[in-house]
Amino acid sequence: MKKLASCLVALLSTTLMAQVQSEVAPAEISLDSLQSYVKTLASEAFEGRAPGTLGGHRATTYMQQKFAEYGLEPFQAYPNYLQAFSVTTALKAGENNAIVLKTTRPFQLGKDFVPLGYSANGKVESPQVVFVGYGISTEKYDDYKGVDVKGKIVMMMRYSPDGDNPHSEFFEHASIWKKLTTAREKGAIGVLLFTGERHGEDKLIEISRDRLAGDAGIPAMNITRALAAQILMTKPKVLLHIQEKIDRTRQPNSFELKSAVSMQAEVVRIKAETYNVIGYLPAKSDEYLVLGAHYDHLGYGGPGSGSLAPDELKIHYGADDNASGSAGLLELARYFAKRKHRLQRNLVFIAFGAEEMGLLGSAYFVNHPTFPLEKTVAMLNMDMIGRMKDSALAISGIGTAKEFEELCKSENRENFKLKLSPDGFGPSDHSSFYAKNIPVLFFFTGNHPNYHKPSDTWEKINYADEARIVRYVARLIEKIDASPRPTFARAQSTLAQSLPSLPSGWRVSFGTIPNYSEEVEGVLLDGVREGSVAEKAGLKAGDIIIKLGDKEIRNIYDYTDAIKNLKPGDKITVVVKRGQEQLVLVATFPEKK
């Protein structure tokens, strides 16, 4: 009986202990749940989750329903969890498009010509048209040499003497964008572009452009070969002979025409509504801790979408980018909802929209916050956390609070091979928060061959390791929540440490953080990197760069093109708008060591 009583006491104690533990222990991170979230978000029904599309709205609804299911509370300003904002999803020709030759009838939009997606809106007239071959200008080959194009409309062919060969010496100069900006810089007032017979069909180009680009600052039309021949007052076969000669000799063959032409271009941006999905778990504190991940992707891809397989008009499933991070966000919402009574600070969950279009969702949020940003103690962001290899986990932002490096190391019970970076800026939504002086941590498992391609599918995700990462992030949230507020710090940039880390084609680092969400003429800066050339030159967040050296800057494409042309040792003037002032600053790029 004593032995039986002893067993009963032990059993009762064990049962009571289990009950106590079940009341205080958090729900476990579920591998199966993570897989379920990713399979849903990266399914055919969600069609690649492009902002403003049916698939994008389905993804929004899914995140919204999960927030409600797990008991997150909406903010008063957004009682259905949805913070709406608009994005440009497509372009179309407006009503005011025309090409007129003085001696002929007006030509027909969609049959004879279409405005190019990079065209500026406006009407121009030219007493002369100048044929400039392929419209390329380099040190070795210059279609503009020997002709005066100032104040005139220029006509040119697509591609280069090597066609669209990506290995050609001309490839970097043969894009439509580069041709238009070169024409603008040479003083031309309009561009007529056609496809030469040697390098493609005589088909008008669909109106589109890169998702981050504005217009090239000059009206531009794509015309048929028949119209080009009419302007040249010749036959299409003559165009072929001209092209053959240029391609064969590798020498320009540019000349002025007597044709007088007027043209009017109008490109209309089609806007659509998309959303940030925002919910939170309340606490008694007036401070906030933010956890985020973007849930949008590239839809069906195609030119200008950001796809690395732009010729494949297929669903870009975006399992790793960023169904994986969104899955982590949902699982942490479920996890913390079961222990919300323990939270010291309000825990905010944000599924960002339109990240792929230039961090538009997070940029909109920090400019239209649902709570005071100064009360935000930290922001943790997950983007592409589903393809871990050899336990390698990259964490950026450890230099944005003096406590973060030790915290990340001490909580690494999973024995990840941590690749730590101090920089708070980067190509994901945490960057928008760091620009507002908020400490950030960014979790990422690295790039892979399926990035931004239709092959980024759910079965390739490493769910076991993603569950480890989410557990790790949960512990970091718990530690930050229970500790004194992290001490914000300006982190040293990692981009400027060595030239091999620069973007392709760049020889120098300037250290600016462009804003892609505001439509301005120039490049608006969200911030500048600590210790960078830009900071030393005196540039600040909120500045709008309108000129670099002798290059006019209308948008991000002008800006990156100008930076590519700089080299170590250069000293240039930088013209910026700062509020109502226009300032001229001087930037000096250090010599290569």
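Anything mentioned here points back to the structure above.
What you are looking at is a predicted structure, and each value in this text was computed from that prediction instead of being measured.

Thresholds applied
Residues numbered from 1 in each chain as written. Predicted model: local features only at pLDDT ≥ 70, side-chain atom pairs only at ≥ 80, totals over all residues. Heavy atoms only, no water. Helix = DSSP H or I, 4+ residues; strand = E, 2+ residues; numbered from the N terminus. Buried < 20%, exposed > 50% of the residue type's maximum accessible area, 1.4 Å probe, protein only. Lys, Arg positive; Asp, Glu negative; His and termini not counted. Charge placed at Lys NZ, Arg CZ, Asp CG, Glu CD. Contact = heavy atoms within 4.5 Å. Salt bridge = Lys/Arg side-chain N within 4 Å of Asp/Glu carboxyl O. Pairing = 2+ DSSP bridges. Axes fitted to C-alpha atoms, helices over the stretch in contact; angles between N-to-C directions. Phe/Tyr/Trp six-rings, centres within 6.5 Å; stacked < 30°, edge-to-face > 60°. Lys NZ or Arg CZ within 6 Å of the ring centre and 35° of its normal. Core = buried A, V, L, I, M, F, W, Y, C linked by side-chain atoms within 4.5 Å. Parallel < 35°, antiparallel > 145°, perpendicular 65-115°, else oblique. Left-handed = near helix turned anticlockwise from the far one by under 90°. Nonpolar A, V, L, I, M, F, W, Y, C, P; charged D, E, K, R; others polar.

Trainee: Report on the overall build of the protein, specifying residues and quantitative values.
Mentor: Of the regular secondary structure elements, the protein holds 13 helices and 23 strands. Out of the 593 residues in the protein, the part that is buried amounts to 54%. In the protein, 72 positive and 70 negative side-chain charges are present, and the distance between their average locations comes to 2 Å.

Trainee: Describe the environment of S86, with residues and values.
Mentor: Among the structural elements, S86 can be located in strand β1 (residues 82-93). Between the C-alpha atoms of S86 and K271, which are 185 residues apart in sequence, the distance is 6.2 Å. Setting aside its immediate chain neighbours within four residues, S86 contacts K271, A272 and E273.

Trainee: Residues and numbers for the pattern of salt bridges, please.
Mentor: Within this structure, the stated rule accounts for 31 salt bridges. In this structure, E411 engages R475 in a salt bridge whose closest nitrogen and oxygen atoms are separated by 3.8 Å. Taken together, the residues E411 in the loop between α9 (404-410) and β16 (417-421) and R475 in helix α11 (residues 463-482) connect sequence positions 64 residues apart. In terms of burial, E411 and R475 fall into one category: buried. Among the ionic pairs, D465 bridges to R468, the shortest N-O distance being 2.8 Å. Placement of both D465 and R468 in helix α11 is noted, with a separation of three residues, approximately one turn of the helix. Overall, the relative accessible area of 14% leaves D465 in the buried class. For R468, a relative accessible area of 15% gives the class buried. A single salt-bridge network, built from bridges that share partners, covers E411, R413, E414, D465, R468, R471, R475 and K479.

Trainee: Let's hear about unusual backbone geometry: which residues, and what values?
Mentor: The omega torsion across D321 and N322 is 0 degrees, close enough to zero to call that bond cis. Among the structural elements, N322 can be located in helix α7 (residues 319-337). Notably, Y81 is not glycine yet its phi reads approximately 75 degrees, a positive angle. Turning to its location among the elements, Y81 is positioned in the loop between α3 (54-69) and β1. According to the relative accessible area criterion, Y81 is buried, its value standing at 9%. You will see that L359, though not glycine, has its phi angle at about 60 degrees, which is positive.

Trainee: Describe the sheet that holds strand β10 (residues 261-265), with residues and values.
Mentor: In space, the three strands of this open sheet follow the order β2-β10-β4, with antiparallel pairing throughout. With partners counted over all chains shown, the strands left at the sheet margins are β2 (98-101) and β4 (122-126), one partner each. Between one strand axis and the next, the sheet turns through 10 degrees on average, direction left out of account.

Trainee: Residues and numbers for the packing of aromatic side chains, please.
Mentor: Scanning the model with the defined rule gives 22 aromatic pairs in all. Between the aromatic rings of Y434 and F488, the centroid separation amounts to 5.9 Å while the plane-to-plane angle is 45 degrees, which identifies the pairing as tilted. Note that Y434 is positioned in helix α10 (residues 430-434) and F488 in the loop between α11 and β18 (512-514), a separation of 54 residues in sequence. Since its relative accessible area comes to 1%, Y434 is described here as buried. Cluster of aromatic residues (ring-pair linked, three or more members): F75, Y280, Y288, F352, F365, F371 and F433. Here the guanidinium or amino end of K39 rests over the ring plane of W458, the centre of that ring lying 4.4 Å away. Seen from the ring of Y434, R490 lies directly overhead, with NZ or CZ sitting 4.7 Å from the centre.

Trainee: With reference to specific residues and values, describe the nonpolar core.
Mentor: When a protein is soluble and globular, its nonpolar side chains tend to lie buried together. Within the largest apolar cluster, 66 residues are counted, with the highest numbers of intra-cluster contacts made by L332, F336, F349, L380 and F443. In this structure L332 touches I29, L291, F349, M382, V470, V473, A474 and I477, once residues within four positions along its chain are discounted. Core analysis: the next-biggest nonpolar cluster, separate from the first, contains 30 residues, F131, Y141, I246 and V261 among them.

Trainee: Tell me what's going on with the packing of α3 against α7, and back it up with residues and numbers.
Mentor: Contact pair α3 / α7: the axes reach a minimum separation of 10 Å and the direction vectors enclose 20 degrees. By the angle class used here, α3 and α7 are roughly parallel. Every pair of crossing elements has a handedness; the one defined by α3 and α7 is right-handed. Touching Y62, M63, K66 and F67 of α3 are S326, L329 and L330, all from α7. Classifying every residue of the contact of α3 with α7 gives five nonpolar, one polar and one charged.

Trainee: Before we move on, could you go through the side chain of E466 and cite the residues and values that matter?
Mentor: With respect to the element layout, E466 can be found in helix α11. As a buried residue without a salt bridge, E466 has its nearest oppositely charged side chain in R387, at a separation of 9.7 Å. In contact with E466, not counting residues within four places along its chain, are L34, S324, A327, G328, I385, G386 and I461.

Trainee: Give me the lowdown on the pairing of β10, citing residues and values where you can.
Mentor: Of all five residues in β10, four are buried; the element is thus mostly enclosed. Relative to β10, β2 runs antiparallel, the two sharing four bridges. Note that in β10 the partner of I99 across the bridge is M263. Bridging between β4 and β10 involves five bridges; their strand directions are antiparallel. Within β10, the position partnered with K123 by the bridge is Q264.

Trainee: Go over the environment of M157, please, and point to the residues and values.
Mentor: Relative to the helices and strands, M157 resides in strand β6 (residues 153-157). Along the chain, M157 and R225 lie 68 residues apart, while their C-alpha atoms are 9.6 Å from each other. Those residues in contact with M157 that sit more than four places away from it in its chain are F131, G133, Y134, K179, L193, F194, G196, Q243 and I246.

Trainee: Outline the pairing of strand β22 (residues 571-578), supporting the account with residue identities and numerical values.
Mentor: Here is the key point about a regular strand: its side chains alternate between the two faces of the sheet. As paired strands, strand β20 (residues 544-548) and β22 are joined by four bridges and run antiparallel to one another. Each residue of the ladder has a partner; that of K547, found in β22, is V575. With eight bridges joining them, β22 and strand β23 (residues 581-588) adopt antiparallel strand pairing. The residue of β23 that forms the bridge with V576 is L583. Adjacent in sequence and paired antiparallel, β22 and β23 are bridged by two residues, among which G579 carries a positive phi angle near 65 degrees.

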